[in-house]
Amino acid sequence: MLSLERRAVDSRLMTYASPFLALLLTLVTAAVIFAFLGRDPVAGLRNFFIAPLMSAQGWAELCLKASPLLLIAAGLTVCFRARIWNIGAEGHFLVGALGASAVALSFGDQEGFWILPLVLLAGIVSGALWAMIAAVLKTHFHSNEILTTIMLNYIALNLLLFMVNGPLKDPQGFGFPQSVMFGDSALLPILISGTRLNISILFAVAAAVVVGVLFARTFIGFQLKVLGQDPRAAAFAGYPARGLIWFALIFAGGLAGLAGAAEVSGPIGQLIPQVSPGYGYTAIIVVFLGRMRAIGIVLASLLLALTFLGGETMQISMNLPKAMTGLFQGLLLFYLLACDAFIHYRLRWRPRQPVPAVASSTSASTAQASTGQVSTGQVSTLVREEA
Amino acid sequence: MDMTLIENVLAAAVVAGTPLLLVALGELICERSGVLNLGQEGMMLMGAVAGFIVAYVSGHLWLGVLAGMATGVVMSMLFALLAVTLAANQYAVGLALTIFGTGLSAFVGAGYVGQTLDGFGKLRIPLLSDLPIIGPALFHQDALVYLSLLLFAGVYGFLRHTRGGVVLRAVGESPESANANGLPVMLVRYLAVGFGGAMTGLAGSYLSLAYTPMWSEGMTAGRGWIALALVVFATWRPERVLLGAYLFGTASILHLVLQGMGWNSPTELLAMLPYVATIVMLVLLSRNPMRTRMHTPLSLGQPYRPSR
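Each value, and the rule that gives it
Going along each chain's sequence as written, the residues are numbered from 1 onward. Each chain takes a letter, starting from A, and each ligand takes a number, starting from 1, following the order in which they are written. Under the rules for a predicted model, residues below a pLDDT of 70 receive no local features and side-chain atom pairs below 80 are neither given nor counted, while totals for whole chains, interfaces and linings still include all residues. Note: side-chain values were computed over all heavy atoms of the structure, leaving out hydrogens and water. UniProt positions are given in the numbering used here, feature names are shortened, and annotations may be inferred rather than shown by experiment. Working definition: helices are DSSP H or I runs of at least four residues, strands are E runs of at least two. Numbering for both runs from the N terminus. Only protein chains enter the calculation, and the probe is 1.4 Å; a residue is then buried if its accessible area is under 20% of its type maximum, exposed if over 50%, and partly exposed in between. Contacts: residue pairs with any heavy atoms within 4.5 Å of one another. Calculation of accessible area relied on Shrake-Rupley with a 1.4 Å probe; when residues are assessed, cover is drawn exclusively from the protein chains displayed. Values of the radius of gyration come from C-alpha atoms, whereas the globule rule sets the reference at 2.2 Å times the count of residues to the power 0.38. Under the counting rule used here, the positive set is Lys and Arg, the negative set is Asp and Glu, and His together with the chain ends is not counted. Throughout, a charge is located at the NZ atom of Lys, the CZ atom of Arg, the CG atom of Asp or the CD atom of Glu. To define a nonpolar core, start from buried Ala, Val, Leu, Ile, Met, Phe, Trp, Tyr and Cys residues and group those joined through side-chain atoms within 4.5 Å. pLDDT expresses how confident the predictor is about each individual residue, on a scale running from 0 to 100. Two joining distances apply to patches: 9 Å for like charges and 5 Å for nonpolar side chains (Val, Leu, Ile, Met, Phe, Trp, Tyr), and every residue must have over 30% relative accessible area and no salt bridge. Should a side-chain nitrogen of Lys or Arg be within 4 Å of a carboxyl oxygen of Asp or Glu, the pair is scored as a salt bridge. In short, buried area is how much 1.4 Å probe accessible area vanishes from two parts on joining, totalled over both. Polar here means any residue outside two lists: the nonpolar Ala, Val, Leu, Ile, Met, Phe, Trp, Tyr, Cys and Pro, and the charged Asp, Glu, Lys and Arg; Gly therefore counts as polar. Only rings of Phe, Tyr and Trp enter the pairing, Trp through its six-membered ring, and a pair is recorded when the two centres are within 6.5 Å. The plane angle decides the type: under 30 degrees is stacked, over 60 is edge-to-face, the rest tilted.

Looking up chain B in an unreviewed UniProt entry gives the name ABC transporter permease, with the organism given as Halothiobacillus diazotrophicus. UniProt annotates chain B under Subcellular location (unreviewed entry) with the comment "Cell inner membrane".

**Q** Is there a simple way to think about the overall build of chain A in this case?
**A** A count of helices and strands for chain A gives 15 helices and 2 strands. Per-residue burial over chain A gives 54% buried out of 387 residues. Residue pairs in contact within chain A that sit at least 24 positions apart in sequence constitute 77% of those at least 6 positions apart. On chain A, roughly 17100 Å² of surface is accessible, and the fraction owed to carbon and sulfur atoms is 67%.

**Q** Would you mind going over the overall build of chain B with me for this structure?
**A** A tally of regular secondary structure across chain B gives 14 helices and 2 strands. Whereas a compact globule of 308 residues would reach a radius of gyration of roughly 19 Å, chain B reaches 19 Å, a difference of no more than 12%. Split into buried and exposed, the 308 residues of chain B put 57% on the buried side. Carbon and sulfur atoms make up 68% of the accessible area of chain B, which totals about 12000 Å². Once the 15 positive and 13 negative side-chain charges of chain B are each reduced to a mean point, those two points are 15 Å apart.

**Q** Would you mind going over the side chain of T296 of chain B with me for this structure?
**A** Residue and element names in this part refer to chain B. With respect to the element layout, T296 can be found in the segment after α14 (289-295). Look at T296 and you get buried, because its relative accessible area is 18%. In contact with T296, not counting residues within four places along its chain, are E173 and W236.

**Q** Hey, could you run me through the environment of C63 of chain A in this one?
**A** Residues and elements named next belong to chain A. For C63, the position within the fold is in helix α3 (residues 56-81). Here the alpha-carbon distance between C63 and L188, two residues 125 residues apart in the chain, equals 15 Å. In this structure C63 touches L197 and I201, once residues within four positions along its chain are discounted.

**Q** For this particular structure, what's the right way to read the nonpolar core?
**A** What tends to happen in soluble globular proteins is that the nonpolar side chains get buried as a cluster. I72, L271, V275, F288, M324 and F328 of chain A together with W225 of chain B are the most contacted members of the largest nonpolar core, which totals 209 residues. Those residues in contact with F288 of chain A that lie beyond four places of it in its chain are F80, W85, L333 and L336 of chain A together with A92 of chain B. Core analysis: the second largest hydrophobic core is formed by 5 residues, A13, A16, I253 and V257 of chain B among them.

**Q** Which parts of the structure should I look at to understand the side chain of S205 of chain B?
**A** Residue and element names in this part refer to chain B. By the element assignment, S205 lies in helix α9 (residues 185-211). By relative accessible area, which is 0% here, S205 ends up buried. Once residues within four sequence positions are removed from consideration, S205 is found in contact with G47, A48, G51, G64, V65, G68 and A210.

**Q** Is there a simple way to think about the confidence of the model for chain A in this case?
**A** All names here are of chain A. Looking at chain A as a whole, its pLDDT mean stands at 88, while 90% of the residues score no less than 70. The least confident element of chain A is helix α15 (residues 376-386), whose mean pLDDT is 38; the most confident is helix α4 (residues 89-107), at 97. In this model residues 358-387 is a low-confidence stretch, pLDDT under 50, and it forms 33 contacts with partners more than four residues away in sequence or in other chains.

**Q** What is the right way to read a nonpolar patch on the surface from this model?
**A** Side chains of F113, W114, L118, L121, V125 and L129 of chain A sit close together on the surface and give an oily, nonpolar patch of about 610 Å² of accessible area. Mapping L121 of chain A onto the fold places it in helix α5 (residues 115-141).

**Q** Before we go on, may I ask you to explain the interface of chain B and chain A in this structure?
**A** A common way to express how large an interface is: the accessible area buried when the components associate. Each side of the interface is counted separately: chain B has 50 residues, and chain A has 50 residues. The junction of chain B with chain A conceals about 4500 Å² of combined surface from both sides, 79% of it contributed by carbon and sulfur atoms. Counting across the interface, chain B meets chain A through 0 salt bridges. Looking at the side of chain B that touches chain A, the elements with two or more residues in it are α3 (61-85), α4 (90-109), α8 (175-180), α10 (223-233), α12 (267-271) and α13 (273-286) of chain B. For the side of chain B that touches chain A, a count of residues per class yields 36 nonpolar, 8 polar and 6 charged.

**Q** Explain the pattern of salt bridges here, please?
**A** Pairing between side chains of opposite charge can happen when their charged atoms approach one another. All names here are of chain A. Using the criterion set out here, one finds 4 salt bridges over all chains in the structure. For K65, the salt bridge identified is with E312, shortest N-O distance 3.9 Å. Of this pair, K65 sits in helix α3 while E312 is found in helix α12 (residues 294-317), placing the two residues 247 residues apart along the sequence. Owing to a relative accessible area of 11%, K65 belongs among the buried residues under this scheme. Residue R291 is joined to D340 by a salt bridge in which the shortest nitrogen-to-oxygen separation is 2.8 Å. A residue pair is termed long-range when its members are at least 10 positions apart, and R291 in the loop between α11 (279-289) and α12 and D340 in helix α13 (residues 324-344) qualify at 49 residues. The pair R291 / D340 is uniform in exposure class, with both members buried.

**Q** It is not clear to me how the environment of A216 of chain A should be interpreted in this structure. Could you clarify?
**A** Residues and elements named next belong to chain A. Tracing the backbone shows A216 in helix α7 (residues 200-217). A relative accessible area of 55% places A216 in the exposed class. A C-alpha to C-alpha distance of 9.9 Å links A216 and R293, two positions 77 residues apart in sequence.

**Q** Would you explain unusual backbone geometry in this entry?
**A** Negative phi characterises most residues that are not glycine, and trans characterises most peptide bonds. All names here are of chain A. Of note in the backbone geometry, H142 takes a positive phi value of approximately 55 degrees without being a glycine. Structurally, H142 can be placed in the loop between α5 and α6 (145-165). The partly exposed category is assigned to H142, whose relative accessible area is 38%.

**Q** Honestly, the confidence of the model for chain B in this entry has me stumped. Any pointers?
**A** Residues shown with low pLDDT carry predicted positions that ought not to be read at fine detail. Residue and element names in this part refer to chain B. Scored by pLDDT, chain B has a mean of 89; 99% of the residues are at 70 or more. Confidence, expressed as mean pLDDT per element, reaches its minimum in chain B at α14 with 73 and its maximum at helix α2 (residues 40-58) with 96. Among the scores for the predicted complex, ipTM is 0.90 and pTM is 0.89.

**Q** In this structure, what is going on with the packing of aromatic side chains? I would like to understand it.
**A** Centre distance and the angle of the planes are the two values used to describe a pair of aromatic rings. Residues and elements named next belong to chain A. For the structure shown, the criterion picks out 21 aromatic pairs over all chains. With centroids separated by 6.3 Å and ring planes inclined at 25 degrees, the aromatic side chains of W85 and F288 adopt a geometry described as stacked. Residue W85 is located in the loop between α3 and α4, and its partner F288 is located in helix α11; the two are separated by 203 residues in the primary sequence. Here W85 matches F288 in class, with each residue buried.

Here you go:
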């Protein structure tokens, strides 16, 4: 029968092949979905994944969408490497956008080179402060960070809705929940004229570089990695777990807050309830797909930015729901996790044989060792696992 | 507060608590087997959309409920394939399930936004429903509320009084020794995950067929996550799940009550209440990590890898 067998050594090939395999499977599934909906699969795939990139304008839009994803993903990478399951990026992002908007609106139409830095700083600080709530809950109250950050996302959304319907609402907005447009001094400079691409992409790339350097060159990066792989080892080594958790969450909150600030002071130019099409959640996929590495998350954020553009194109050109974006994103993550299993396992055809009574790798090995029945193959497996 | 207001609040709290109760009971069984499924929110949305579409197209509410449950089971089997068989990281797979379910439900339901149907109506149980205060809350409700109470009794009895309950707990505490004793660890985990899926799908269809008989994108509004917190709050005990679900039901309708009493706070701020309450509750409960650890199924969240 076909069975899964634990590999002696994790497959390096699969570690890097898995994202591409997952993408391929997603494309195949996408084609099947198009066919199922009675559309030409080839045209569907072309419209979704290629048409948005057929113009310089398209590439600029791609980078525009990729920059918040990359900013957020860079922060989440630091958390996930340390196994801090921060799902709160969406909230950090929204609160960052809110803080930045409050500052931008307080300046009205005033002019000055210092306004924009203040707006961005407000975004960073707001996002970081929001993340600190989760940090204090985790380090001092031992609350599960997944649940607290998710709840904080919903609270952040309601806070945003309250502000945009209340204190920050444009009185001349015909009742629409939106703020007045920001003054010119609060807007990010455009990078390539004729497009909407602004300098936030530079922040994003810088953030990815910082994360790359952090893990490759610094002690704090090393400590974070150890904390993620073996918290007990980190404790024995005397690493300050609390401090590291605070660092990771503030780092992630600050970057997601900056992404929120860049969104309101960039392409949107005002505060609206739909600031985020789910960047905070999509960035989670970016981090996994990018293998938690700097170059990986750069590429993955471009790919997932494309799914946003593709969804919009499909809505216009083929009259399909924009929700295709979310569907493809979810599929991609699912396939990725499935393919990742084959980093540790391989499929093997083997004749059916009786299963020994004891089963876990550790207890089986001790039990067999005590009765002297360990084969050389098993020993070498064990040695390699322990190395 | 006069009597009718109290009665109305209690009745509304039970209705608001019912989806939480269903999800949390399912997750309770799932977690007792040692599997942490964070995909509740996604499964619930899929249950809601499937339930609504099937009921809308077929005209039969119960067919919708069945479809919602079946969808939950299918989704949970996807989870089990990755998290149980392939021993993938349960956190990551659960999140994937939620992201996938959110996307897929929005896609599938896009054509049904704004449609309505006649949802489950209230059934009055004679005599009992005339009891003061608790009568309307417990005995003048829709059929699914009664079903949720039956399911609660079933789960409670199963864990307390059956051999199956013992097996489930053994697998959740130590899959290695359960396996050594000849218990089918993988099968038990699959069944537990599947039960969780069915309950979550049922909860989803409760939202779209009884609570507000319609479909809108993201209509679960974090209830799946609140239910997950509820299981922690209940320290994995069904009777405390029941209590917690209704407490949370009360928190989530509090804004209606306050408005009814003439308080004019902004709705958005009041809408934060259930989420704030969840955090407060998590803090109160996990302040003492020993206490949580004492009740947590020992193998929770750790994949079981048979040797070979």
